[in-house]
Amino acid sequence: NGDLWLSNAQHANKMVQVLAKAVEMTSGLSMLHPAEANILHLRGPRGMALRLNAAGYQFKSQDVPDGEILRIVTSHQTQKEDIDQLVHNLHRLQI
């Protein structure tokens, strides 16, 4: 299908918007910039990546004076359940 790439990109972009809305409603987290395309830069407390990685994720972070930043990229394979699980872990780990 000639439009498969477009469908995949639209899905990835939609998933990052779902994540962005959840981040907006989560205390202690913020977006460094508005979510664009399929990338979200998430600002949170120090140790955020370490705690998420202990829960099975593979995040790398960049330290900033007031915490750390994660770069999250969604893809055509990202499902809403994946976003829900990440948000659940952010809350569970008190990030």
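In case you missed it, the structure is sitting above this.
In this report, we go over the structure that sits alongside the text.

## Focus: the pattern of salt bridges
And then number 1: Applying the stated rule across the entire model yields three salt bridges.
And then number 2: Of the charged contacts, one joins Asp66 and Arg43 as a salt bridge, the two residues approaching to 2.9 Å between their closest N and O atoms. Of the two residues, Asp66 is situated in the loop between strand E3 (61–64) and strand E4 (67–73) and Arg43 in strand E2 (residues 39–44); the sequence distance between them amounts to 23 residues.
And then number 3: By relative accessible area, Arg43 is classed as partly exposed at 23%.

## Examining the side chain of Glu68
And then number 1: Tracing the backbone through its elements, the reader meets Glu68 in strand E4.
And then number 2: Within the structure, Glu68 has its side chain in polar contact with the backbone nitrogen of Met48 (distance 2.9 Å).
And then number 3: Among the polar contacts made by the side chain of Glu68, one reaches the side chain of Ser61 at a distance of 3.3 Å.

## So, the packing of aromatic side chains
And then number 1: In the structure shown here, the tally under the stated rule is one aromatic pair.
And then number 2: Between Tyr57 and Phe59, the aromatic rings sit 5.7 Å apart at their centres with planes inclined by 25°, giving stacked as the arrangement.
And then number 3: Classification of Tyr57 as partly exposed rests on a relative accessible area of 22%.

## Details of the packing of helix H1 (residues 4–24) against helix H3 (residues 80–92)
And then number 1: One can describe the packing of H1 onto H3 by two numbers: an axis separation of 10 Å at closest approach and a directional angle of 25°. Taken together, the axes of H1 and H3 are roughly parallel relative to one another. The way H1 lies across H3 gives a crossing that is right-handed. Together, Met15, Val18, Leu19 and Ala22 of H1 and Lys80, Ile83, Leu86 and Val87 of H3 make up the contact between the two elements.
And then number 2: Counted by class, the contact of H1 with H3 contains seven nonpolar, no polar and one charged residues.

Rules used in this analysis
- Residues numbered from 1 in each chain as written.
- Predicted model: local features only at pLDDT ≥ 70, side-chain atom pairs only at ≥ 80, totals over all residues.
- Heavy atoms only, no water.
- Salt bridge = Lys/Arg side-chain N within 4 Å of Asp/Glu carboxyl O.
- Helix = DSSP H or I, 4+ residues; strand = E, 2+ residues; numbered from the N terminus.
- Buried < 20%, exposed > 50% of the residue type's maximum accessible area, 1.4 Å probe, protein only.
- Polar contact = N/O pair within 3.5 Å; in protein donor to acceptor, adjacent residues only side chain to side chain.
- Phe/Tyr/Trp six-rings, centres within 6.5 Å; stacked < 30°, edge-to-face > 60°.
- Axes fitted to C-alpha atoms, helices over the stretch in contact; angles between N-to-C directions.
- Parallel < 35°, antiparallel > 145°, perpendicular 65-115°, else oblique.
- Left-handed = near helix turned anticlockwise from the far one by under 90°.
- Contact = heavy atoms within 4.5 Å.
- Nonpolar A, V, L, I, M, F, W, Y, C, P; charged D, E, K, R; others polar.

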